[in-house]
Amino acid sequence: MGRPKSLLSSSPRLHPHEITLFGQTDSFVNHRIWVLRGQNHDLEGARKLFDEMPERNVESWNAIVAGMIHLELYEEGLGLFLEMLGSGFSPDCFTLGSVIRGCAGLEALPFGKQVQGYAIKIGLEVHLVVGSALAHMYTRCKSLEDGERVIREMPVQNVVAYNTLIGGRYQNGNPEGAFHLYKLMKTAGFLPDEITFVNMISSCSELTTLGQGQQIHAEVIKSGAALNVPVTSSLISMYSRCGDMECSEKAFMENPQKDCVLSSSMIAAYGFHGQGKKAIAVFEQMTEEEGLLEVNEVTFLSLLYACSHSGLRDQGTEFFDLMVNKYGLDPKLEHYTCMVDLLGRSGRLQEAEDMIRSMPVEVEADVIIWKTLLSACRIHKNAIMAGKVAGEIRRLDPQDSASYVLLASIHASGKRWSEVSSLRKAMKERKVKKEPGISWFEYKNTVYQFIAGGDKSHPNWGKIEVYMKELMSEMKKKGYVPDTSSVYHDLDKEEMESNLIHHSEKLAIAFALIIIPPNLPIRVMKNLRVCDDCHGAIKLISEIRQREIIVRDATRFHHFKNGRCSCGDYW
């Protein structure tokens, strides 16, 4: 592996007299020069100085190894560690901590275990630095139990150790477990820091528990960490994902450090809620002065997402061209997926397919980009292209149910029941399971969950059934006609209506209307896309009950109020 080039060509150069000030053989001066160069990311110069040092010690090796690992040059850092051992130097706790973090970065668990064995041999496994690094490595490699065991066996623990465990739980899909550890951490007398807060706010975001997120936010303010950029970015995302755009905007506006990270987070938040024009306004603020703020791939990804969910096809296309031609950024698969969504939603299905098939060789189409196009085929009821796209999805993932369900939806809308039946039969034969619709909402720190089809074991099932019947009666008086194209079975009219009534979001909204006071908005989350019938029904419910109803489905937020939806029926 060759030496990395300087990341900052304009880094300051030291005059020769500074090098010889105390004599070229002074290891401290040479080490200090390396630090100065390292602070400017001049790795080529740093490595050159290190190689020219006539005297080295453990601290010098630690500095160069840690520098490489810190800048994510993991293989280079691990190679230097092996060179250090070969030169006869004995690593200390700081060397091992850096090396183990390098193993975590590469997810090189076997090598990491060898380093752990060495640490045990020299009695450093339970040292705070080494133990925390080991726990991080195991959680990064999805060996959560091993990581937690390492922490438990450490005689001394600190907030870093707890952050490793909390982050491990969250990153491995167990945000509830992160809350459990957070409580243990505070019980043990440790005060959360910025890293703790980022992990906990992200856990709230994942669980979409607004109440818990507000509690963590209060702790953030109390600790004085509210203006920390990663914390603010997490708050913007959390409030957005929980459906509270007012608080998301407030968190953004109150932080004066509006860098690329914060601005990109706000653009993403607006995009998730279909507020494309506001997202573009933030981008324009970032770029109104040349070089004012860095713009990167994440910024453009958020911007393209916002345009695709707001029907801003022309603007989205312009931003894609701007990213490539002005900023010289190579589009990743995610950028192409946004463009396919943008073109597909606007009806330009062939252009969307052509874009997928003409992507650069290094950008390989995945299931998600084909499912995006298939979803657009469903919107525009293009069964011919849908059949072709579904074949691409099945080729990549034979067990993905979307290729069957979305295609069945298109055929069902055209009353082609024989095709629907064939697809259902194929799913059964190939043991492909359709993901059930699940909706939930939080009220007073309790999460209420509902499954499509209804769960008669629910303690409030009787109340919900009675309320739904009364509500449906009122809706029909207002002109509601069930959209049976959302039913994928050849049933009679009554059975179809019963099927629609028991969609999970309708059940969740009905119970929310029962228990949540009229002055509070209703926020419901769903794992799948909201169907056409539910979308129309919720608009009417918001008008009849005079309630603000916010629904987050698999792709975006819908804000229903006074019989209208923020998406403008474009989703």
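Owing to the predicted nature of the structure, the values given are computational and were not obtained by experimental measurement. Numbering of residues begins from 1 in every chain and follows the order in which that chain's sequence is written. Restriction of local features to residues with pLDDT of at least 70 applies here, the model being predicted, together with a cutoff of 80 or more for giving and counting side-chain atom pairs; totals for whole chains, interfaces and linings are based on all residues. Hydrogens and water are ignored here; the side-chain numbers use all heavy atoms of the structure.

Caption draft 1: Structural context of the side chain of Thr 139. Counting through the fold element by element, Thr 139 comes out in helix H8 (residues 128-140). Working rule for contacts: check all heavy atoms of both residues, and any pair within 4.5 Å makes them a contact. What Thr 139 contacts, discounting residues up to four positions off in sequence, is Leu 144, Thr 164, Gly 168 and Asn 172. Helix and strand assignments follow DSSP, with helices taken as H or I runs no shorter than four residues and strands as E runs no shorter than two, numbered in order from the N terminus.

Caption draft 2: Highlighting helix H21 (residues 349-357). Under the scheme applied here, a residue whose accessible area is under 20% of the maximum for its type counts as buried, over 50% as exposed, and between as partly exposed, the area being computed with a 1.4 Å probe on protein chains only. Restricting attention to buried positions, one finds in H21 the residues Leu 349, Ala 352, Glu 353, Met 355 and Ile 356. Along the long axis of H21, the arc covered by the buried residues comes to 155°, so they all point the same way. Next to the buried residues of H21 lie helix H20 (333-345), helix H22 (367-379) and helix H23 (383-396). What the arc describes is the spread of directions from the helix axis to the C-beta atoms.

Caption draft 3: Quick look at the packing of H23 against helix H24 (residues 402-413). At their nearest, the axes of H23 and H24 sit 9 Å apart, and the two run at 170° to each other. When the axes of H23 and H24 are compared, the pair comes out roughly antiparallel. Residue-level contacts link Ala 383, Ala 386, Gly 387, Ala 390, Ile 393 and Arg 394 of H23 to Ser 403, Tyr 404, Leu 407, Ile 410 and His 411 of H24. Structural elements are reduced to axes, namely lines fitted to C-alpha atoms, with helices fitted over the stretch in contact, and the angle between N-to-C directions of any two is expressed from 0 to 180 degrees. By the definition adopted for this analysis, an angle is roughly parallel if under 35 degrees, roughly antiparallel if over 145, roughly perpendicular if from 65 to 115, and oblique otherwise.

Caption draft 4: Here's a closer look at the packing of aromatic side chains. Ring pairs are drawn from Phe, Tyr and Trp, using the six-membered ring of Trp, whenever the two centres fall within 6.5 Å, and their geometry is named by plane angle: stacked under 30 degrees, edge-to-face over 60, tilted for the rest. On inspection of all chains with the given rule, the structure shows 13 aromatic pairs. Aromatic side chains Phe 441 and Phe 450 sit 6.3 Å apart centroid to centroid with 10° between the ring planes, which places their arrangement in the stacked category. Here Tyr 448 and Phe 511 contribute two aromatic rings whose centre-to-centre distance is 5.4 Å and whose plane-to-plane angle is 65°, an arrangement assigned as edge-to-face. Linking Tyr 448 in strand E2 (residues 446-451) with Phe 511 in helix H28 (residues 504-515), this pair joins segments that are 63 residues apart in sequence. Through pairs of rings, three or more aromatic residues link up here, namely Phe 283, Phe 300, Phe 319 and Tyr 327. Geometrically, a lysine NZ or arginine CZ counts as sitting over a ring once it is within 6 Å of the ring centre and also within 35 degrees of the ring normal. Cation over ring: Lys 258 sits above Phe 252, and NZ or CZ is 5.3 Å from the ring centre. The cationic tip of Arg 394 hangs over the ring face of Tyr 404; the distance from NZ or CZ to the ring centre is 5.1 Å.

Caption draft 5: The pattern of salt bridges, seen in detail. Any Lys or Arg side-chain nitrogen found within 4 Å of a carboxyl oxygen on Asp or Glu counts as a salt bridge. For the structure shown, the criterion picks out 21 salt bridges. Where Glu 353 meets Arg 357, a salt bridge forms, and the shortest distance between an N and an O atom there is 2.9 Å. Here Glu 353 pairs with Arg 357, and both are found in helix H21, just four residues apart, close to one helical turn. What makes Arg 357 partly exposed here is its relative accessible area of 46%. As a salt-bridge pair, Lys 388 and Glu 353 come within 3.3 Å of each other at their nearest N and O atoms. Taken together, the residues span a long stretch of sequence, with Lys 388 in helix H23 and Glu 353 in helix H21 at a distance of 35 residues. Judged by relative accessible area, Glu 353 falls into the buried class, the value being 3%. Each member of the salt-bridge network shares a partner with another, and the members are Glu 353, Arg 357, Lys 388, Glu 392 and Arg 395.

Caption draft 6: Representation of the pairing of strand E1 (residues 438-443) in the model. The buried fraction of E1 amounts to five of the six residues, a majority that puts the element mostly inside the structure. Where E1 meets E2, six bridges bridge the pair, whose relative direction is antiparallel. Bridge pairing in E2 links Ser 439 to Phe 450. The loop that links E1 with its antiparallel partner E2 comprises two residues; one of these, Lys 444, has a positive phi angle of about 55°. One requirement defines pairing of two strands: DSSP has to find at least two bridges between them.

Caption draft 7: View of the packing of helix H26 (residues 461-477) against H28. Running from N to C, H26 and H28 point in directions that differ by 100°, and their axes come no closer than 9 Å. Taken together, the axis directions place H26 and H28 in an arrangement best described as roughly perpendicular. Note on element contacts: H28 touches H26 through Lys 506, Leu 507, Ala 510, Phe 511, Leu 513 and Ile 514, opposite Trp 461, Lys 463, Ile 464, Tyr 467, Met 468 and Leu 471. Charged means Asp, Glu, Lys or Arg here, nonpolar means Ala, Val, Leu, Ile, Met, Phe, Trp, Tyr, Cys or Pro, and polar covers whatever is left, Gly included. Counted by class, the contact of H26 with H28 contains ten nonpolar, no polar and two charged residues.

Caption draft 8: Inspection of the environment of Lys 561 at higher detail. Tracing the backbone shows Lys 561 in strand E5 (residues 557-561). Distance in space between the C-alpha atoms of Lys 561 and Glu 548 is 4.9 Å, their sequence separation being 13 residues. With residues up to four places along the chain from it excluded, the contact list for Lys 561 reads Ser 542 and Arg 547.

Caption draft 9: Here's a closer look at the sheet that holds strand E4 (residues 549-552). One open sheet holds the six strands; their spatial order is E2-E1-E3-E4-E5-E6, and the pairing between them is mixed. The open sheet is flanked by E2 and strand E6 (564-565), the only strands paired with a single partner. Pairing of E1 with strand E3 (residues 522-526), which is carried by two bridges, proceeds in the antiparallel orientation. Across the sheet, Ser 439 pairs through a bridge with Lys 526, a residue of E3. Against the sheet, H28 engages E1, E2, E3 and E4, with an angle of about 20° to E1.

Caption draft 10: Representation of unusual backbone geometry within the structure. Not every positive phi belongs to a glycine, and Glu 107 is a case in point at roughly 55°. Relative to the helices and strands, Glu 107 is located in the loop between helix H6 (93-106) and helix H7 (109-121). Here Asn 562, not a glycine, exhibits a phi torsion of approximately 50°, which is positive. With a relative accessible area of 47%, Asn 562 lands in the partly exposed category.

Caption draft 11: Highlighting the pairing of E5. Most of E5 is tucked away, with four of its five residues classed as buried. By the bridge criterion, four bridges tie E4 to E5 in an arrangement that is antiparallel. Residue pairing for E5: Val 551 is matched across the bridge by His 558. With antiparallel pairing between neighbouring strands as the criterion, E4 and E5 make up a hairpin whose turn holds four residues. Between the end of E5 and the start of E6, which pair antiparallel, lie two residues, with Asn 562 showing a positive phi angle near 50°.

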